Amino acid sequence: ATQATAINAARHCGIRIVHKHEQCYGENPCLTTLKRVTDGISLIRHTFCFFDYIVSKDSNEQLRTELKLLLRELSWVQIAIKLKT
């Protein structure tokens, strides 16, 4: 039960991060806020990877692939932040 609790807590934390910063980005678009959205997505993806011995890969493979592709699409954000600094 402890591992399942950890999985759910990490997933929900990632979802909260994405939701909060997605709303902020809608109100005031900036690279830093968009970076926080990508951080949340990354947390969700890494949760599935980290706990893959508990969560069946077959049951979430499509979601993991979609998250990976989304992060790849958003990789320009990190580059833009580095160029800006």
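Above this note sits the structure.
Residues numbered from 1 in each chain as written. Predicted model: local features only at pLDDT ≥ 70, side-chain atom pairs only at ≥ 80, totals over all residues. Heavy atoms only, no water.

## Some thoughts on the overall build of the protein
Across its full length, the protein holds 4 helices and 0 strands. Secondary structure elements of the protein, listed N to C terminal, follow the sequence α-α-α-α. Taken over the C-alpha atoms alone, the protein extends approximately 40 × 20 × 20 Å along its principal axes. Partitioning the intrachain contacts of the protein with sequence separation of at least 6 by distance along the chain shows that 61% fall at a separation of at least 24. As presented, the protein carries roughly 6000 Å² of accessible surface, and 58% of it is formed by carbon and sulfur atoms. Considering the protein, the positive charge centre built from 12 side chains and the negative charge centre built from 8 side chains are found 7 Å apart. (Helix = DSSP H or I, 4+ residues; strand = E, 2+ residues; numbered from the N terminus. Contact = heavy atoms within 4.5 Å. Areas by Shrake-Rupley, 256 points an atom, 1.4 Å probe, with all protein chains shown as cover. Lys, Arg positive; Asp, Glu negative; His and termini not counted. Charge placed at Lys NZ, Arg CZ, Asp CG, Glu CD.)

## Observations concerning the packing of aromatic side chains
If you walk through the whole model with that rule in mind, you get 1 aromatic pair. With centroids separated by 4.9 Å and ring planes inclined at 90°, the aromatic side chains of Phe50 and Phe51 adopt a geometry described as edge-to-face. When its relative accessible area of 9% is taken as the criterion, Phe51 is described as buried. (Phe/Tyr/Trp six-rings, centres within 6.5 Å; stacked < 30°, edge-to-face > 60°. Buried < 20%, exposed > 50% of the residue type's maximum accessible area, 1.4 Å probe, protein only.)

## Thoughts on the nonpolar core
Counting residues in each nonpolar core, the largest one holds 13 residues, and the members touching the most others are Val18, Val37, Ile41, Ile44, Phe48 and Leu67. Considering every element that reaches this core, the biggest residue donor is helix H2 (residues 31–50), with 5 residues. (Core = buried A, V, L, I, M, F, W, Y, C linked by side-chain atoms within 4.5 Å.)

## Considering the packing of helix H1 (residues 2–27) against H2
Where H1 meets H2, the closest approach of the two axes is 8 Å, and the angle between their N-to-C directions is 160°. Taken together, the axes of H1 and H2 are roughly antiparallel relative to one another. Between H1 and H2 the crossing geometry is left-handed. Judged by residue contacts, Ile7, Ala10, Arg11, Cys13, Gly14, Ile15, Ile17, Val18, His21, Glu22, Cys24 and Tyr25 of H1 engage Thr33, Leu34, Arg36, Val37, Gly40, Ile41, Leu43, Ile44, Thr47 and Phe48 from H2. Here the residues of the contact of H1 with H2 sort into 14 nonpolar, 5 polar and 3 charged. (Axes fitted to C-alpha atoms, helices over the stretch in contact; angles between N-to-C directions. Parallel < 35°, antiparallel > 145°, perpendicular 65-115°, else oblique. Left-handed = near helix turned anticlockwise from the far one by under 90°. Nonpolar A, V, L, I, M, F, W, Y, C, P; charged D, E, K, R; others polar.)

## Here's the deal with the pattern of salt bridges
A complete count under the given rule lists 2 salt bridges for this structure. Among the salt bridges present, the one from Arg36 reaches Asp39, with a minimum N-O distance of 3.5 Å. Here Asp39 and Arg36 lie together in helix H2, a separation of 3 residues that amounts to about one turn. Residue classification places Arg36 among the partly exposed positions, given a relative accessible area of 37%. Residue class for Asp39 comes out partly exposed when judged on its relative accessible area of 29%. One connected set of salt bridges, linked through shared partners, spans Lys35, Arg36 and Asp39. (Salt bridge = Lys/Arg side-chain N within 4 Å of Asp/Glu carboxyl O.)

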